[in-house]
Amino acid sequence: MSTILITGATSGLGRHVAFELVRSGHVVLAHGRDPDRTRRLVDELRVEGEAEGFVADLASLTQVRELGARVAQARPELDVLVNNAGVGGGPRGSGRETSSDGHELRLAVNYLAPVALTRALLPVLRANAPARIVNVGSVGQEPLDLDDPELDRGYSGVSAYCRAKFALAAHTFALAEELEGTGVAVNVLHPATYMDTAMVREAGVAPWNSVADGAPGVLALATRDLGTGGYFDGTRPARAHEAAYDPEVRRRLAAVTDRLLAK
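Within each chain, residue numbers correspond to sequence positions counted from 1 in written order. In keeping with the model being predicted, local features are shown solely for residues with a pLDDT of at least 70 and side-chain atom pairs are shown and tallied solely at 80 or more, while totals for entire chains, interfaces and linings include all residues. With hydrogens and water set aside, each side-chain value is computed from the structure's full complement of heavy atoms.

J.: Would you mind showing me how to read the pattern of salt bridges here?
T.: Once the charged atoms of two side chains with opposite charge are near each other, the side chains can pair. One speaks of a salt bridge when a side-chain nitrogen belonging to Lys or Arg is within 4 Å of a carboxyl oxygen belonging to Asp or Glu. Under the counting rule described, the total for this entry stands at 17 salt bridges. Its salt-bridge partner being Asp145, residue Arg153 comes within 3.8 Å of it at the nearest N-O pair. Two residues, Glu242 and Arg239, come together in a salt bridge whose shortest N-O distance is 2.9 Å. When its relative accessible area of 49% is taken as the criterion, Glu242 is described as partly exposed. Each residue's exposure class comes from its accessible area (1.4 Å probe, protein chains only) as a fraction of the maximum for that residue type: buried when under 20%, exposed when over 50%, partly exposed otherwise. Owing to a relative accessible area of 52%, Arg239 belongs among the exposed residues under this scheme. One connected set of salt bridges, linked through shared partners, spans Glu50, Glu52, Arg75 and Glu77.

Here it is as structure tokens:
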């Protein structure tokens, strides 16, 4: 059985996956932003099995890196990371928001945070190979404007969300190549379309699917050997936006990412 960190575990898809995993005998490390909600979740999970809570605001890169350090110290046996936490496009017509570091909020939480957390935990994951990284992406992908990655011009919440999810997919493919031969697999998936989550309801969209519909893909990638460098639509192998496979796009994205993470 694995020791699995799930970000954004206090609601929606993350919560459902956490219970499925702990009931299957895995050790669940549940991340949440709110201390009270995280504590209540862990109390519920412990009725089913072994769980531990970790609190951090993923809109702060300092807190993201501290989260990685705390998990690595407390649970050196960690062998699966599920980057699930995310921020949706927001209510229709809402304006541009920024993180505590001054980054555009959707890029910060949906892309920069999982990249920073993965980097912080890679030494532990490599030491515990075979290990897995699961990035919860979206079929909604729009190539990032690498000359305006923070969408300072012509802002749209939906566009910001889709660009961050595109960046996450492209990063996943590049990281899989980087980790080839290490025993650490990394994949990205679109769990299901318009699940019944706070993110979807905030956007004013009527849900098409339940979080239970989105869980099988995440569970499969977290617990089974399904290769590396893949994009999945639910449990089915699929293709991400074609530009995410472009080596030049990925090279430029890596340079922009390093610059933004260094700010």
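Still more to cover.
J.: How do you make sense of the packing of helix α5 (residues 157–178) against helix α8 (residues 247–262) when you look at a structure like this?
T.: Helix-helix packing is characterised by the crossing angle of the two axes and by the distance between the axes. Geometry is summarised by axes, namely lines fitted to C-alpha atoms with helices restricted to the contacting stretch, and by angles between N-to-C directions that run from 0 to 180 degrees. The numbering of helices and of strands both runs from the N terminus, where a helix is a DSSP run of H or I of at least 4 residues and a strand a run of E of at least 2. Orientation of α5 relative to α8, taken along the N-to-C sense of each, is 100 degrees, at an axis distance of 10 Å. Relative to α8, the element α5 lies roughly perpendicular. Across the interface between the two elements, Phe166, Ala167, Ala170, His171, Phe173, Ala174 and Glu177 of α5 pack against Val249, Arg250 and Leu253 of α8. Angle categories are assigned with fixed cut-offs, so that under 35 degrees is roughly parallel, over 145 is roughly antiparallel, 65 to 115 is roughly perpendicular, and the rest are oblique. Contact criterion: two residues are considered in contact whenever any of their non-hydrogen atoms come within 4.5 Å of each other.

J.: What is the right way to look at helix α1 (residues 12–23) in this model?
T.: The end-to-end C-alpha distance of α1 is 17 Å, a good match for the 16 Å that 12 residues give at a rise of 1.5 Å each. Considered for burial, the residues of α1 that qualify are Leu13, Gly14, Val17, Ala18, Phe19, Leu21 and Val22. Of the surrounding elements, those touching the buried residues of α1 are β1 (3–6), β2 (27–32), α2 (35–48), β5 (131–136) and α7 (211–223). Positioned one or two residues after α1, Gly25 has a phi angle of 100 degrees, which is positive. A helix is expected to reach a length of 1.5 Å times the quantity of its residues less one.

J.: Hey, could you run me through the side chain of Arg75 in this one?
T.: Note that Arg75 resides in the loop between α3 (61–74) and β4 (80–83). For Arg75, a relative accessible area of 13% corresponds to the buried category. Setting aside its immediate chain neighbours within four residues, Arg75 contacts Thr3, Val27, Leu29, Glu50, Glu52 and Val124.

J.: Help me understand the layout of surface pockets in this model?
T.: Any empty space left between the atoms is revealed when a probe the size of a water molecule rolls over them. Volume-wise, the second largest pocket comes out at about 220 Å³. Note on definitions: the grid is 1 Å and covers protein atoms alone; a cavity is a set of points where a 1.4 Å probe fits but cannot get out; a pocket is an open set with protein on both sides within 12 Å along at least five of seven lines; lining residues have an atom within 4 Å of a point. Looking at the second largest pocket, it is lined by 15 residues, and the ones nearest its centre are Arg119, His171, Ala174, Glu178 and Ala254. Contributions of two or more residues to the lining of the second largest pocket are made by α4 (105–127), α5 and α8. Side-chain classes are defined by residue name, with Ala, Val, Leu, Ile, Met, Phe, Trp, Tyr, Cys and Pro counting as nonpolar, Asp, Glu, Lys and Arg as charged, and the others, Gly among them, as polar. The residue inventory of the lining of the second largest pocket, partitioned by class, reads eight nonpolar, three polar and four charged. Grid points are joined across faces, edges and corners, and a volume is the space filled by probe spheres set on the points.

Keep in mind that these numbers describe shape and distance, not what the molecule does.
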